[in-house]
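Working through the structure, step by step
Below are the chains, spelled out letter by letter.
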Amino acid sequence: MSVVNELYQEMILEHNKRPRNFHPLPEPVKKSEGYNPLCGDRITLYIDLENGAIKDIGFQGSGCAISKASASMMTVAVKGKTKLEAEALVEKFRKMLSREIDQPFDDREFGKLAVFSGVGEFPARIKCANLAWHTLRAGLEENGAKVVSTEGETKE
Ligand code: ZN
């Protein structure tokens, strides 16, 4: 087992056990919901935007360890970032999972999120890892509450 794989398992287990920012935020905040029907993962995201930056962020939900750990690490990664920086990170994370870019292990900004590059080997789990990030992107869009599904824009 490679060092990255070991680190990956450790981080997933740790964040699943003690998820960061695992709580709602008081209204009014932006709120978005994500659902991954393949695995049954659900997430509700609360985003407090101030002057174009993510002042605070929290999430609730239930799902597999990967989806929960990814959501936990996502909230840590984007807190304090501007909307544009956060959107760039969403895109980078997606590209890493789909192997469109090399694994950015030496990237300071990306940091620990690189452990998720291992998920790319398991296509069925990519949607689990991506769910929180899709939901973040939807939440950052201009108009109101959003419901996203990893199966496209269809609502069930
Ligand atoms: Zn899952």
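Scroll up to find the structure.
Everything in this summary refers to the structure shown in the same document. (Residues numbered from 1 in each chain as written. Predicted model: local features only at pLDDT ≥ 70, side-chain atom pairs only at ≥ 80, totals over all residues. Heavy atoms only, no water.)

Here we come to the coordination of the zinc ion. With distances of 2.2 to 2.7 Å, the protein atoms coordinating the zinc ion are Cys39 (SG), Asp41 (OD), Asp41 (OD), Cys64 (SG) and Cys128 (SG). As a motif over one chain, the donors of the zinc ion read C-x1-D-x22-C-x63-C. On the accessibility criterion, Asp41 (1% relative accessible area) is buried. (Donors = N, O, S within 2.8 Å, 3.2 Å for Na, K, Ca; no water. Buried < 20%, exposed > 50% of the residue type's maximum accessible area, 1.4 Å probe, protein only.)

With that settled, consider the pattern of salt bridges. Inspection of the entire model under this criterion finds seven salt bridges. Linking Glu50 and Lys55 is a salt bridge whose minimum nitrogen-to-oxygen distance equals 3.3 Å. Note that Arg137 is salt-bridged to Glu91, the shortest N-O span being 3.5 Å. Placement of Arg137 in helix H4 (residues 123-140) and of Glu91 in helix H3 (residues 83-97) is noted, with a sequence separation of 46 residues between them. Accessibility expressed as a relative area gives 27% for Arg137, which makes it partly exposed. Of the residues examined, Glu91 reaches a relative accessible area of 26% and is grouped as partly exposed. Within the structure, one salt-bridge network assembled from shared partners comprises Glu91, Arg94, Glu100 and Arg137. (Salt bridge = Lys/Arg side-chain N within 4 Å of Asp/Glu carboxyl O. Helix = DSSP H or I, 4+ residues; strand = E, 2+ residues; numbered from the N terminus.)

Another point: the pairing of strand E2 (residues 41-50). Pairing of strand E1 (residues 30-36) with E2 involves seven bridges; the strand directions are antiparallel. Directly across from Asn36, in E2, lies its bridge partner Asp41. Counted between consecutive antiparallel strands, the loop separating E1 from E2 contains four residues, among which Gly40 sits at a positive phi close to 90 degrees. With nine bridges joining them, E2 and strand E3 (residues 53-62) adopt antiparallel strand pairing. In the sheet register, Ile47 faces E3, and the bridge partner there is Ile57. Linkage of E2 to E3, two consecutive antiparallel strands, is achieved through a turn of two residues, within which Asn51 is found at a positive phi near 50 degrees. (Pairing = 2+ DSSP bridges.)

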